[in-house]
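Structure assessment
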Amino acid sequence: MKLQAFDVDLRDRYLRHLGFAAGELPGPPSSALLRRLHHAQLDRVPYENLEIQLGRPTTIDPRESANRIVTGRGGYCYHLNGSFAALLLSLGFDVALARGAPIDPSVDPPAWGAHMVLLVRIGSETWIPDVGLGDGYRDPIPLVAGGPLVQGPFAYRLEQVGGPFWRFHHDPHASIAGFDFDVTPVPLGAFAAMHRYLSTSPESSFVQKLVVQRRWAEHALTLRGCVLTRADAGGRSSRDVVKEREWTALLHEEFGLRLSDVDEDVRRALWTRVRTAHEAWDRAGRQ
């Protein structure tokens with residue numbers, strides 16, 4: 001399976017969803033345009049695993065992901081970074097996919113391919129956009145070792161750890177420590193097996209718990225099950241969401257999720273399952 005550019009119709013629908021005028025082609029590839037597209041995607045497309053929670057299987061085909069995104073939905077890294085990569089290809093960018101592995105000392109060996117990393121070549125520079133990290137960085141970052149890379153209230157660092165291997169160090173207030181990645185390009189199909197595991201295995205955190213995230217200019221929001229977490233210049237704070245009406249309103253108003261394709265009884269059943277899991281977690285001492 002190879003990453004391919006969108007056809008003109010899907011490219012234009014995607015651009016309209018990101019806020020571009022009908023028929024507007026935003027210009028030749030540049031770091032400024034990459035940043036503009038990155039912001040537009042983060043502003044309008046949430047990170048979410050609702051399809052997994054609803055038991056509705058997906059693929060990593062960027063066309064499938066994009067057709068869902070333009071209806072007001074999102075996805076996780078394979079859907080978000082995959083569709084963004086295909087859009088960039090459609091606009092003339094030089095894009096390659098690379099395998100990433102979240103930093104997690106409890107996982108040995110590292111889960112290579114559990115994160116999809118984009119490498120975008122512009123002139124003599126390589127950039128790493130990432131619209132599939134949930135509470136990740138706001139601006140694409142250059143593939144240059146060093147830091148801190150300060151963006152709003154958050155700071156990041158890139159480290160080359162040997163050969164083609166790099167490490168992205170996330171802000172201390174983020175939901176993950178960061179990820180390792182190998183800059184050796186791989187085909188889209190290299191992520192298919194890990195997607196099947198993450199979206200279907202009972203051991204996968206995506207199967208076990210709902211997660212929705214957004215990264216705004218000055219803060220990041222995460223709804224994990226019934227816990228809403230905000231990270232900003234003041235640090236990190238969390239609270240429980242115990243009412244169905246507030247939980248549903250958060251999905252729509254704070255995270256921008258349109259649920260027109262989810263029947264009312266299905267949505268209520270999802271809430272009941274999420275709330276029941278939260279109460280069990282509470283009784284177990286939140287372990």
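Scroll up for the structure.
Residues numbered from 1 in each chain as written. Predicted model: local features only at pLDDT ≥ 70, side-chain atom pairs only at ≥ 80, totals over all residues. Heavy atoms only, no water.

1. As for the sheet that holds strand 1 (residues 47-48)
One open sheet accounts for five strands, arranged 1-10-11-12-13; its pairing is antiparallel. Taken across any chain shown, the strands that pair with only one partner, and hence form the sheet edges, are strand 1 and strand 13 (235-240). The sheet contact formed by strand 11 (residues 220-224) and strand 12 (residues 227-232) spans five bridges and is antiparallel. For Leu221, the partnering residue across the bridge sits in strand 12 and is Arg230. (Pairing = 2+ DSSP bridges. Helix = DSSP H or I, 4+ residues; strand = E, 2+ residues; numbered from the N terminus.)

2. Digging into the nonpolar core
In a soluble, globular protein the nonpolar side chains are often hidden away together inside. Among the nonpolar cores identified, the biggest contains 46 residues, and Leu34, Leu37, Tyr78, Leu88, Phe93, Leu97 and Met116 are the most heavily contacted of them. Among the elements of the structure, helix 1 (8-17), helix 2 (31-44), helix 4 (62-69), helix 5 (77-90), strand 2 (94-102), strand 3 (115-122) and helix 6 (192-200) are those that each provide at least two residues to this core. Sort the elements by how many residues they give to this core and helix 5 lands first, with eight residues. Apart from residues lying up to four places away in sequence, Leu88 is in contact with Leu34, Leu37, Phe93, Val95 and Val120. (Core = buried A, V, L, I, M, F, W, Y, C linked by side-chain atoms within 4.5 Å. Buried < 20%, exposed > 50% of the residue type's maximum accessible area, 1.4 Å probe, protein only. Contact = heavy atoms within 4.5 Å.)

3. A word on helix 6
By the burial criterion, the buried members of helix 6 are Ala192, Met194, His195, Leu198 and Ser199. Burial along helix 6 is one-sided: seen end-on, the buried residues are contained in an arc of 155°. The exposed set on the far side of helix 6, more than 90 degrees from its buried face, consists of Arg196 and Thr200. On the buried face of helix 6, the contacting elements are helix 3 (50-53), helix 5 and helix 7 (205-208). (Arc of directions from axis to C-beta.)

4. Quick notes on the side chain of His115
Note on placement: His115 falls in strand 3. According to the relative accessible area criterion, His115 is buried, its value standing at 5%. Side-chain polar atoms of His115 contact the side chain of Asp130, separated by 2.7 Å. Dropping the residues within four chain positions of it, His115 is found in contact with Cys77, Tyr78, Asn81, Ala98, Arg99, Gly100, Asp130, Gly132, Leu133, Phe179 and Phe191. (Polar contact = N/O pair within 3.5 Å; in protein donor to acceptor, adjacent residues only side chain to side chain.)

5. A short note on the sheet that holds strand 8 (residues 165-169)
Ordered by their spatial adjacency, eight strands build an open sheet running 5-4-3-2-9-8-7-6, and the pairing between neighbours is antiparallel. Every other strand in the sheet has two partners, leaving strand 5 (141-142) and strand 6 (146-151) as the edge strands with one partner each. Sheet topology places strand 6 next to strand 7 (residues 154-162); four bridges connect them, and they run antiparallel. Opposite Leu149, over in strand 7, you have Tyr156 as the bridge partner. Strands strand 2 and strand 3 of the sheet are contacted by helix 5, whose axis makes an angle of about 20° with strand 3. (Axes fitted to C-alpha atoms, helices over the stretch in contact; angles between N-to-C directions.)

6. Thoughts on unusual backbone geometry
Following Asp108, the chain continues to Pro109 via a peptide bond in cis, the omega torsion being 5°. Residue Pro148 is reached from Gly147 by a cis peptide bond, and omega for that bond is 5°. Here Pro148 shows up in strand 6.

7. A short note on helix 2
In a regular helix each residue adds 1.5 Å, so 14 residues correspond to 20 Å; helix 2 covers 20 Å between its end C-alpha atoms and thus fits that length. Those residues of helix 2 not exposed but buried are Leu33, Leu34, Leu37, His38, Ala40, Gln41 and Leu42. Buried-residue contacts for helix 2 involve helix 1, helix 5, strand 3, strand 4 (125-128) and strand 10 (211-215). (Expected span 1.5 Å × (residues − 1).)

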